[in-house]
Amino acid sequence: MAFGRTSLGSSATGGRAIGAGGQRPLSDINVTPLVDVMLVLLVIFIITAPLMASSIKLDLPRTDAGQPTDTPKFVSLSVDAAGGLFLNDQPVTPEELAARLQKAAADSRDTEVQLRADQTVPYGRVVELMGIANKAGLSRIGFVTQAPAK
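Figured I'd write up the structure that's included with this text. (Residues numbered from 1 in each chain as written. Predicted model: local features only at pLDDT ≥ 70, side-chain atom pairs only at ≥ 80, totals over all residues. Heavy atoms only, no water.)

### Considerations on the pattern of salt bridges
Point 1. Applying the stated criterion across every chain, the model contains three salt bridges.
Point 2. One salt bridge in this structure joins Lys 103 and Asp 107, with 3.7 Å as the shortest N-O distance. Here Lys 103 pairs with Asp 107, and both are found in helix H2 (residues 94-107), just four residues apart, close to one helical turn.
Point 3. We classify Lys 103 as exposed; its relative accessible area is 55%.
Point 4. As a salt-bridge pair, Arg 125 and Glu 128 come within 3.0 Å of each other at their nearest N and O atoms. One end of the pair is Arg 125 and the other is Glu 128, both in helix H3 (residues 123-136) and three residues apart, which spans about a single turn. (Salt bridge = Lys/Arg side-chain N within 4 Å of Asp/Glu carboxyl O. Helix = DSSP H or I, 4+ residues; strand = E, 2+ residues; numbered from the N terminus. Buried < 20%, exposed > 50% of the residue type's maximum accessible area, 1.4 Å probe, protein only.)

Structure (structure tokens):
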């Protein structure tokens, strides 16, 4: 007779009255705390999963074959406001420029041309220099700019 339940004597149901006016035993489990704990764990795993994936420790094999043997090669081509050409900060004529760019391309096809042009130089002149470099066999051209003053 615990918790206010009444028993009407023994019957076929094991001593519990299920008929009219009888009460069933309380057998529900409160799952609210379980759901709360599971949601907290889910949030913790969502936050920590990316951190665990990015901190993989590997002991990679060591070899000299994968090391770069030299730094990337480049030549600096500059055009001033008057239209003067400079290759690696030395003045050159257009003919000398073509010959020296062909020599640089013969040394390494991966040589990059770093093109610096004054902002007053016409676009057509810059394209002409790009054509000279491309004809010499150098197809990697980088435009060098200056960051604005703050």
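Still more ground to cover, so stick around.
### Quick word on the nonpolar core
Point 1. Among the nonpolar cores identified, the biggest contains 19 residues, and Leu 77, Leu 87, Leu 97, Leu 101, Val 113 and Leu 129 are the most heavily contacted of them.
Point 2. Looking at this core, the elements that each hand over two or more residues are strand S1 (74-79), strand S2 (85-87), H2, strand S4 (112-117) and H3.
Point 3. In terms of residue count, the dominant contributor to this core is H3 (five residues). (Core = buried A, V, L, I, M, F, W, Y, C linked by side-chain atoms within 4.5 Å.)

### Here we look at H2
Point 1. Compared with an ideal rise of 1.5 Å per residue, which puts 14 residues at 20 Å, H2 spans 20 Å between its outermost C-alpha atoms and is within 8% of the ideal.
Point 2. Contact partners of the buried residues in H2: S1, S2, strand S3 (90-92), S4 and H3. (Expected span 1.5 Å × (residues − 1). Contact = heavy atoms within 4.5 Å.)

### Things to note about the sheet that holds strand S5 (residues 140-143)
Point 1. Reading across the sheet, the five strands line up as S3-S2-S1-S4-S5 and stay open at both edges, with mixed pairing between neighbours. Single-partner strands in this sheet number two, and they are S3 and S5. Put simply, the sheet's adjacent strands are angled 30° from each other on average, direction ignored.
Point 2. Pairing of S1 with S4, which is carried by six bridges, proceeds in the parallel orientation. Bridge pairing links Leu 77 to Leu 115 in S4.
Point 3. H3 contacts S1, S2, S4 and S5 of the sheet and is inclined by roughly 165° relative to S4. (Pairing = 2+ DSSP bridges. Axes fitted to C-alpha atoms, helices over the stretch in contact; angles between N-to-C directions.)

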